[in-house]
Amino acid sequence: MAPEGTQLLNQVLDNDPPTRGSKEYPEELRTPPVSLVALFGCSELHSSITTHLHSQQPPINALAFPDFSHLPLLLAPHQTSSFTDPLSDSSPTLPTSGILKRDWLLKHRTKVPALVAAFFPSTHIFGDPTQWLQVCSNLDTLKSVIRPKNIKLVVVVVQSSPHEVISEDRLLALRKRAELDSKYVLFLNDSELPPSLSRIASSFSELALAYYREEARRIKSRIDKRSSTSPDLIVRYCFKVAVYAEFRRDWGEALKFYEDAYHSLHEMIGTSTRLPAIQRLVEIKTIAEQLHFKISTLLLHGGKLTEAVIWFHQHKSSYEKVVESTEYIFLHWEWMSRQFLVFAELLETSSATVQSFSSLNQGTAETPLTEFEFYPAYYYQLAAHYLQNKKSSLELLLSMSVAAQKIDGSSDSITPSVYVGQFSELREKGEALTLHFITDEEYIRYAVSEAKRFQDSFEIVAWLKKSYESFTNLKSRRMAAFCAFEIAREYFGLSDPSNAKFFFDIAANLYRQEGWVSLLWEVLGYLRECSRNLGAFKDFVELSLEMVALPVTSCDDFGNLKNKTYGPGGPATVSRRESIHREVFALMCTETELTSSTGESGFKLAIDSPLHLEIDLVSPLRPVLLASAAFHEQMVKPRALCSITLSLLSHLPLPVDIDHLEVQFNQSTCNFVIRNSQSLLSTMQSGSQVENEPSLVLVPNNWLRLTYAIKPEQSGKLECLSILAKLGPCFTICSRAESPAAMEDSPVWKHENSVQSLPTKDPILAVFGQKATQVEEPEPQVDVTLGASGPALVGEDFTMPIVVTSKGHAVYSGELKINLVDVGGGGLFSPREAEPFSLESHHVEICGIDGAEGNDESESETGNIKKIQQSFGLVSVPDLKEGESWSCKLEIRWHRAKPVMLFVSLGYLPQGSEANAQKVHIHKSLQIEGKMPLLITNRFMLPYRRDHLLLNRIKPAPDSEDMSSLPLNEKSVLVVSAKNCTEIALKLMCMSIELDGEQGKTSCLIQQGGGETSGSANLAPGEEFKKVFTVIPTMRTPKLSLGSVHLKWRRQGANTEEACVSTTHKLPEVNVDASPLVMSLNCPPYAILGESFTYAITICNQTQLLQEAKFTLADAQSFVLSGSHSNTVLVLPKSEHVLSYKLVPLTCGQQQLPKITLTSVRYSAEFQPSTIASSVFVFPSAPQANSTAK
């Protein structure tokens, strides 16, 4: 259950919020003024008119009187304001003057209208003369009431129908009687109410603005006579002008005159003698507070955030040292607190937003600003600070007997006076009540009684919580921690240790991280008392030890101020630290009872409930016991002695005796105990290694260095985990061991100018020492052999023999781990988009492990495979005796040409299945190259000296630039070549082309050139094999698939029973198009020098249309030509046209025939035969072979 103080605080915050702040101000001061009008007559219309006036921007308030008989209630003849204190005028002893009347603003907002609207039915004006006379009488009475106050008048004639007859003479008489201009005599039609109401609202607004403008002008004329006007009246007049400007929504003029009133008021501080000293300053500061509130509100309303903050600083500077009385200074602190609180609330509710600090005007040279001063949290925190000063000064005042007698007494009869900031005594004289002056002593008695009514601590906590949350959201951790500390102190003062501890912990965490030693000492002192009050024994001990282990600052013993107020922890002196140290160790090391300073709580520690503290690398108790461990060797042999140095450091103020130390490792067999020979305690674990030391004493700020030898039994990592120190029968501290190389100072010790000492005497070990070492594995006496026969070829199942041979150790529980790793680091897995679920998604994969060789026992366990994946395999190895061997064959398949690294790791037990037996590991690796066995290429060839006009060659499609074109229903030659790319001889078994599906078989005919051959071919490294196929396309298509080339091969000299490897090569797609024109060249296979021969060119039209063709035959220097060089011929459909020429060769050797260019007029395309097709060899004479043949 929450403490009583917390419950009361929650009740105050939830149900009855603090009454300080702007909520203390009257509503008329907190809200902008609104114009006021008075309505007389026609009460049935008042509701509609009032509702419409409230909906205007700005709105207009209305006083509604049902008829003119209530006219005396508007303004009493002998009383200017119905809100004036009725006792003020009847009291002869009332103060004769003040600065601002308390009810003046309320009177002008609720009682004194700017205009009066008189509503008359039209029948009363234009009807019966008796009713007309009553209207005139009412107008005369109304004018006599409002004219002295310059209140405006409006007459509204209410018509029941727009068709009513209006007498112009009577209307003119009405205007003269009311002394009004025609535009202020309005008509209101019941049947057309909305338009009439809009006209009325517009006239009301215009006249109200005129009234407030004239009133302001009248008062300004008095201000101009400043030399003959008292300062009190100057402040009053400026205030009234500013209020009238607010009525008109003239914010600039209002701000100007509020500032003039403020400055004139400040000049009165040393000159006014109208009231006693204290009450005089109370009045001035109260009015200054209200003027400051108005000025700040107007600045923030206009979005002038920086100007508002600067103004507040000027306001604070102006009155910061204006103190009513140093003896009763709590009045001043309360006033200062209220200034910050009100400004914080204004900032919180203001529409002005905080921009980035760099874009803000950062004050002036006289008033520099910080970023925090633009946020409400800053002012909430200072409001709480000044309220703390008020609370402490009031408590000090009440604690003094002389002052307490002086202010003791009843103050119930003191009440606020007629003027702002003044107070009077209310006395009863017979049946009458009178107000009288009061002295400063009477006022102080009243102020003290009022101050005692407030729960200051609850309001301080509420404001500080707002500030803490805001600073937390702004990521300002230091300010948030300071606010948390102040909150905690208030809770501590309310005897609520639970909530106090929560906020003290927040502050302590930051001070620990940033190393604020003095601040941390004070916070820990409070936390220590909270834990004592809560009965948290362990927290009490930890906090006490943390306090005494803090660094000793240079001013602890001599530099502290004599008048400094300390927290429960006291001054941070060496003597105080030693006192706390003795207090804690007296409690922990003997069975005694420690009672708190108040005598209400205590601790008792029993033997059966020992206290154990854990210290890790980030613990705040790390300076209490810092443990370091350093192995002398980085690598040690199993079962061999290795040295380790243990170093202990304590920052406690007094030496500490240790009963024994327990050193703990990750290998429990290495744990050992260091015993203090002088200690009588012997609680060591049985079976542990015990080392004796003549003395185990931790001297403050000095390393305790201990070096011992241990014998590790197991291989692997050996690490010192922690060192446990037993300091008494029921007190142990376990500190996490640290490496000297990685050791860092605690944040609170990082910036101290203390002498740095090394944890070990060896400086190299102190800089590079590690708390862990590596215990080597025992030498393996088993060999693993990896055999490979040359590089692996893509597509084949590559066999890798793995042989395990025992050469000195027996093998028990053996496991063989196999890993394939890409040498380039790109990974073995790369799924192809076209085949997302293909079995070849891995470039290289393990297919399996086949066969085993060795003794009979190993063969019986062949195939005991635990797990095989594409790139990982785990195989169990049978038990082997010394001298035996076991082997298996690893099958790996390459789908892409790339090198891989094969890693094989064998783990086994050399002594069988012992409880603590450790496996021995052997690691082998081998890089295997994966290569492509064959390079397959292809090319297309058309029939010799027969050229086709293919339109897709002349105007190719955008996506068919690299695609070959074949003529429809014409034989084409496909030459497929396979080249051996390896250093290994291969045997090619067969080569064939398979079409894709039934559609491929019907759209194309592929025949093997030279008939079917089933013989195989041997390919030496670098040798190429070619095969010719005939292709006849039978379907016109832009993309014709010719299927795939299938090759079957194996390594030359391999076992004939071994399966062949199949390699597939996808043939490219071709474009099949019909050829409209075909040009054939006919000439003898050779020519003889000087002998003529016939050169015939045949043009074949394969279309159903008449084709017009143009040809051009170029001259050749090697031949004499007879025939037409150029002409145009017409070729009939499905017919041929032959061009015949006689040629006589003039030069021997390979000669180029005259080249012909054929142009199709219909298709605007031309083509020529190839250079090879239009050449012939010329012999000097007839070949001898030909003569023999003849």
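Per an unreviewed UniProt entry, the protein goes by Trafficking protein particle complex subunit 11 domain-containing protein and derives from Eruca vesicaria subsp. sativa.

Caption draft 1: The arrangement of the overall build of the protein in detail. Of regular secondary structure, the protein possesses 27 helices and 57 strands. Here the contacts in the protein between residues at least 6 apart in sequence split such that 74% fall between residues at least 24 apart. For the protein, the computed accessible surface area is about 57,700 Å², with 51% contributed by carbon and sulfur atoms.

Caption draft 2: Representation of the packing of aromatic side chains. Taken as a whole and judged by the stated rule, the model has 40 aromatic pairs. Here F504 and Y526 contribute two aromatic rings whose centre-to-centre distance is 4.9 Å and whose plane-to-plane angle is 20 degrees, an arrangement assigned as stacked. Placement of the pair is F504 in helix α19 (residues 497-514) and Y526 in helix α20 (residues 517-534), with a sequence separation of 22 residues. Look at Y526 and you get buried, because its relative accessible area is 10%. Members of the aromatic cluster, each reached through a chain of ring pairs, are W104, Y211, Y212, F239, Y244, F247 and Y258. Across from the ring centre of F257, 4.4 Å away, lies the NZ or CZ of K256, which sits over that ring. In this structure, R453 is placed above the aromatic ring of F454, and the distance from its NZ or CZ to the ring centre is 5.5 Å.

Caption draft 3: Expanded view of the sheet that holds strand β39 (residues 986-994). Ordered by their spatial adjacency, 4 strands build an open sheet running β41-β39-β44-β45, and the pairing between neighbours is antiparallel. Taken across any chain shown, the strands that pair with only one partner, and hence form the sheet edges, are β41 (1017-1019) and β45 (1061-1066). Each strand of the sheet is rotated relative to its neighbour by a mean of 35 degrees, with strand direction disregarded.

Caption draft 4: Spotlight on the sheet that holds strand β6 (residues 414-416). Read from one edge to the other, the open sheet built from 3 strands follows the order β6-β7-β8, with strand pairing classed as antiparallel. This sheet does not close on itself; its edge strands, each paired only once, are β6 and β8 (432-436). Geometrically, the sheet is characterised by an average inter-axis angle of 45 degrees between neighbouring strands, direction not taken into account. Where strand β7 (residues 423-429) lies against β8, 5 bridges are found, and the strand directions are antiparallel. When the bridges of β8 are listed, R427 appears paired with T434.

Caption draft 5: Representation of the pattern of salt bridges within the structure. Evaluated as defined, the whole model comprises 40 salt bridges. Among the salt bridges present, the one from E583 reaches R532, with a minimum N-O distance of 3.8 Å. Here the residue E583 occupies a position in helix α22 (residues 574-589), and R532 occupies one in helix α20, the gap between them amounting to 51 residues. What you see here is one network of salt bridges that share partners, running through K220, R248, D250 and E253.

Caption draft 6: Structural view of the packing of helix α11 (residues 277-301) against helix α13 (residues 330-349). Close contact between α11 and α13 brings their axes to 11 Å; oriented N to C, the two are set at 10 degrees. The orientation of α11 relative to α13 falls into the category roughly parallel. Of the residues in α13, those touching α11 at I278, K285, T286, E289, H292, F293, S296, T297 and L300 are L331, H332, W335, R338, Q339, V342, F343, L346 and L347.

Caption draft 7: Geometry of the state of the cysteines. Under the counting rule described, the total for this entry stands at 0 disulfides. The closest cysteine sulfur to the non-disulfide-bonded C670 is located on C642, 7.1 Å from its own sulfur.

Caption draft 8: View of helix α14 (residues 376-399). In a regular helix each residue adds 1.5 Å, so 24 residues correspond to 34 Å; α14 covers 35 Å between its end C-alpha atoms and thus fits that length. Counting buried positions along α14 yields 17 of 24 residues, so the element is predominantly enclosed.

Caption draft 9: Up close: unusual backbone geometry. Residue P58 is bonded to the preceding Q57 through a cis peptide linkage, with omega at 0 degrees. Here P58 lies in the loop between α3 (46-54) and β2 (60-65). At N969, a position not held by glycine, the phi torsion is positive, near 60 degrees.

Caption draft 10: Representation of the environment of E164 in the model. Among the secondary structure elements, E164 is positioned in the loop between β4 (152-159) and α7 (168-178). Taking relative accessible area as the criterion, E164 reaches 23% and is therefore assigned partly exposed. The sequence separation of E164 and T123 amounts to 41 residues, and the corresponding C-alpha distance is 9.4 Å. In contact with E164, not counting residues within four places along its chain, are S122 and Q159.

Caption draft 11: Main features of the confidence of the model for the protein. Per-residue confidence for the protein gives a mean pLDDT of 82, with 84% of residues at or over 70. Every residue in residues 77-96 is under pLDDT 50, and counting partners more than four places away or in other chains gives 33 contacts. Low confidence marks residues 591-601, where pLDDT is under 50. Its contacts with residues over four positions away, or in another chain, come to 25 contacts.

Caption draft 12: Local environment of the pairing of strand β57 (residues 1175-1179). Summarising the sheet, strand β48 (residues 1086-1088) and β57 pair through 3 bridges and their orientation is parallel. Pairing of I1088 across the sheet is with F1179, part of β57.

Caption draft 13: The arrangement of the nonpolar core in detail. Ranked by size, the top nonpolar core spans 208 residues in total, and within it L174, F204, L265, V541, L545, F665 and F731 carry the most contacts. Setting aside its immediate chain neighbours within four residues, F731 contacts V541, L545, F585, M588, L611, L613, A725 and K726. Residues V804, L816, V844 and V904 belong to the second largest nonpolar core, which totals 32 residues.

Caption draft 14: Structural detail: the packing of helix α9 (residues 231-247) against helix α10 (residues 251-266). Close contact between α9 and α10 brings their axes to 8 Å; oriented N to C, the two are set at 165 degrees. For the element pair α9 / α10, the angle class is roughly antiparallel. Crossing of α9 over α10 shows left-handed handedness. Residues I234, V235, C238, F239, V241, A242, V243, A245 and E246 of α9 lie in contact with α10, whose contacting residues are W251, E253, A254, F257, Y258, D260, A261, S264 and L265. Residue composition of the contact of α9 with α10, by class: 14 nonpolar, 1 polar and 3 charged.

Caption draft 15: Quick look at the environment of S1164. Assignment of secondary structure puts S1164 in the loop between β55 (1156-1160) and β56 (1165-1167). A C-alpha to C-alpha distance of 9.8 Å links S1164 and L951, two positions 213 residues apart in sequence.

Caption draft 16: Focus on the side chain of T773. Looking at the secondary structure, you find T773 in strand β23 (residues 772-775). Assessed through its relative accessible area of 3%, T773 is described here as buried. At a separation of 2.8 Å, a polar atom in the side chain of T773 contacts the main-chain carbonyl oxygen of E633. Not counting chain neighbours up to four residues away, the residues in contact with T773 comprise F631, E633, Q634, M635, V636, G716, K717 and L718.

Caption draft 17: Quick peek at α19. When the terminal C-alpha atoms of α19 are compared, their 25 Å separation across 18 residues agrees well with the 26 Å that a helix rising 1.5 Å per residue should span. Regarding α19, the residues found buried are P497, A500, F503, F504, A507, A508, L510, Y511 and R512. Of the surrounding secondary structure, the elements contacted by the buried residues of α19 are α17 (456-473), α18 (477-493), α20 and α21 (537-548). In the segment just after α19, G515 is the residue with positive phi, at about 75 degrees.

Caption draft 18: Highlighting a nonpolar patch on the surface. Together, I764, V767 and F768 give the surface a local cluster of nonpolar side chains, amounting to about 340 Å² of exposed area. The residue F768 is located in helix α23 (residues 763-768) in this model. By relative accessible area, which is 59% here, F768 ends up exposed.

Calculation notes
Residues numbered from 1 in each chain as written. Predicted model: local features only at pLDDT ≥ 70, side-chain atom pairs only at ≥ 80, totals over all residues. Heavy atoms only, no water. Helix = DSSP H or I, 4+ residues; strand = E, 2+ residues; numbered from the N terminus. Contact = heavy atoms within 4.5 Å. Areas by Shrake-Rupley, 256 points an atom, 1.4 Å probe, with all protein chains shown as cover. Phe/Tyr/Trp six-rings, centres within 6.5 Å; stacked < 30°, edge-to-face > 60°. Buried < 20%, exposed > 50% of the residue type's maximum accessible area, 1.4 Å probe, protein only. Lys NZ or Arg CZ within 6 Å of the ring centre and 35° of its normal. Pairing = 2+ DSSP bridges. Axes fitted to C-alpha atoms, helices over the stretch in contact; angles between N-to-C directions. Salt bridge = Lys/Arg side-chain N within 4 Å of Asp/Glu carboxyl O. Parallel < 35°, antiparallel > 145°, perpendicular 65-115°, else oblique. Disulfide = S-S within 2.5 Å. Expected span 1.5 Å × (residues − 1). pLDDT = per-residue confidence, 0-100. Core = buried A, V, L, I, M, F, W, Y, C linked by side-chain atoms within 4.5 Å. Left-handed = near helix turned anticlockwise from the far one by under 90°. Nonpolar A, V, L, I, M, F, W, Y, C, P; charged D, E, K, R; others polar. Polar contact = N/O pair within 3.5 Å; in protein donor to acceptor, adjacent residues only side chain to side chain. Patch = residues over 30% accessible without salt bridge, like charges linked within 9 Å, V, L, I, M, F, W, Y side chains within 5 Å.

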